[in-house]
Amino acid sequence: MGTIARYFTQMAFPSLLGALLWLVSYPWRKSHCSKMGYSVGSGREKALFLLFLFSAGLSALTLTPPNFWSSIMSGHMPPLPAPFQGDVNLVPVLQSISLLRYYIKHGLWDAIWINFPGNILMFLPFGFFAGLLMDKPKWWKSTLVTFGVSFFIESFQLLVCRGTDVDDLILNTLGGLLGHSCFLLLRHLKPSLVLSCRKTQKGCF
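Residues numbered from 1 in each chain as written. Predicted model: local features only at pLDDT ≥ 70, side-chain atom pairs only at ≥ 80, totals over all residues. Heavy atoms only, no water.

Q: Pulling in residues and values, what's your account of the nonpolar core?
A: Ala 47, Leu 58, Phe 126, Phe 128, Phe 129, Leu 132 and Leu 133 are the most contacted members of the largest nonpolar core, which has 20 residues in total. Not counting the four nearest positions on each side in its chain, Phe 128 is found in contact with Gly 179, His 180, Cys 182, Phe 183 and Leu 186. (Core = buried A, V, L, I, M, F, W, Y, C linked by side-chain atoms within 4.5 Å. Buried < 20%, exposed > 50% of the residue type's maximum accessible area, 1.4 Å probe, protein only. Contact = heavy atoms within 4.5 Å.)

Structure follows, in structure tokens:
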């Protein structure tokens, strides 16, 4: 699990930048809500704060070249490879099956976790927060939001010498659907908590 722990460590500092962005943009959000004539629940800003933190951390992890943050953390100049040098897989499932067999054969359990359940769980928050923060949450909206975020990341990775994989897009999108399911469960168990994240009038999202 060392690789997974290292990823979370690399997300930590950029997440602080997400917190700063949340703080700096708070006056604008408050002013905008006032001008639009609606009020928001007490839990909405807390939910947005967590979303800003996670989004900043994930962006730093996925939109930078390989070994970028590990180089910085070790005091070295980060690599800046030329764009369009990473592998591209546009054929669903087949390559993932081959990779899974290879990982199992060589006991690469960290790689299995990161590439398969990890790709689902890392995008679960987008589906969850989309349901929590949207005016009229629907499963397809949360899934579409997650698909859009994943599509942007996979496309951008062409520029930073990372692999672009249609299977990652599929797994990430499944994560969004799972995230919306978690939102539905929370709404069933703690409806007051969900209501605290709502806007009381129709407005913007």
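Q: So what about the side chain of Arg 29? Which residues, and what values?
A: The topology assignment puts Arg 29 in helix H1 (residues 2-36). What makes Arg 29 buried here is its relative accessible area of 11%. Of note is the side chain of Arg 29, whose polar atom sits 3.3 Å from the backbone oxygen of Trp 22. One polar contact links Arg 29 to Glu 45, side chain to side chain, over a distance of 2.6 Å. (Helix = DSSP H or I, 4+ residues; strand = E, 2+ residues; numbered from the N terminus. Polar contact = N/O pair within 3.5 Å; in protein donor to acceptor, adjacent residues only side chain to side chain.)

Q: Before we move on, can you summarise helix H9 (residues 166-189) with the specific residues and values?
A: For H9, built from 24 residues, the straight-helix expectation of 34 Å at 1.5 Å per residue is met to within 8% by its first-to-last C-alpha distance of 35 Å. What H9 keeps buried is the set Asp 167, Asp 168, Leu 169, Leu 171, Asn 172, Thr 173, Gly 175, Gly 176, Gly 179, His 180, Phe 183 and Leu 186. At the N-terminal end of H9, a side-chain oxygen is found 2.8 Å from the backbone nitrogen of Asp 167, two or three residues along, and the residue is Asp 165. (Expected span 1.5 Å × (residues − 1).)

Q: I'd like a description of the environment of Leu 48, backed by residues and values.
A: Tracing the chain through its elements places Leu 48 in helix H2 (residues 44-62). Given the relative accessible area of 12%, Leu 48 is considered buried. Separated by 85 residues in sequence, Leu 48 and Leu 133 place their C-alpha atoms 8.2 Å apart.

Q: Quick one: what's the story with the packing of helix H7 (residues 124-133) against helix H8 (residues 139-156), residue by residue and with numbers?
A: Interaxial distance between H7 and H8 falls to 8 Å at its minimum, and their mutual angle equals 135°. For the element pair H7 / H8, the angle class is oblique. Relative to H8, the crossing made by H7 is right-handed. Contacts from Phe 126, Gly 127, Ala 130 and Gly 131 in H7 reach Ser 142, Val 145, Thr 146 and Val 149 in H8. Residues belonging to the contact of H7 with H8 are distributed by class as follows: four nonpolar, four polar and no charged. (Axes fitted to C-alpha atoms, helices over the stretch in contact; angles between N-to-C directions. Parallel < 35°, antiparallel > 145°, perpendicular 65-115°, else oblique. Left-handed = near helix turned anticlockwise from the far one by under 90°. Nonpolar A, V, L, I, M, F, W, Y, C, P; charged D, E, K, R; others polar.)

Q: Tell me about a nonpolar patch on the surface, and please be specific about residues and values.
A: A surface patch of nonpolar side chains, amounting to about 810 Å² of accessible area, comprises Trp 139, Trp 140, Leu 144, Phe 147, Phe 151, Ile 170, Leu 174 and Leu 177. The set of elements that each furnish at least two residues to the nonpolar patch consists of H8 and H9. A total of five residues in the nonpolar patch trace back to one element, the largest contributor, which is H8. Note on placement: Trp 139 falls in helix H8. On the basis of relative accessible area, Trp 139 is assigned to the exposed category, the value being 53%. (Patch = residues over 30% accessible without salt bridge, like charges linked within 9 Å, V, L, I, M, F, W, Y side chains within 5 Å. Areas by Shrake-Rupley, 256 points an atom, 1.4 Å probe, with all protein chains shown as cover. Salt bridge = Lys/Arg side-chain N within 4 Å of Asp/Glu carboxyl O.)

Q: How would you explain the packing of aromatic side chains if you had to name every residue and give the values?
A: Within the structure shown, the criterion is met by nine aromatic pairs. Both rings, one in Trp 22 and one in Tyr 26, keep their centres 6.3 Å apart while their planes meet at 40°; by these two values the pair is tilted. With Trp 22 and Tyr 26 both in helix H1 and four residues apart, the pair spans about one turn of that helix. When its relative accessible area of 17% is taken as the criterion, Trp 22 is described as buried. You can call Tyr 26 partly exposed: its relative accessible area is 33%. Judged by centre distance (5.3 Å) and plane angle (80°), the ring pair of Phe 128 and Phe 129 falls under edge-to-face. Judged by its relative accessible area of 19%, Phe 128 is buried. Assessed through its relative accessible area of 9%, Phe 129 is described here as buried. (Phe/Tyr/Trp six-rings, centres within 6.5 Å; stacked < 30°, edge-to-face > 60°.)

Q: Could you give an account of the side chain of Asn 119, naming the residues involved and the relevant values?
A: Looking at the secondary structure, you find Asn 119 in helix H6 (residues 117-121). According to the relative accessible area criterion, Asn 119 is buried, its value standing at 14%. Here Asn 119 is in contact with Ile 114, Asp 168, Leu 171 and Asn 172, once residues within four sequence places are set aside.

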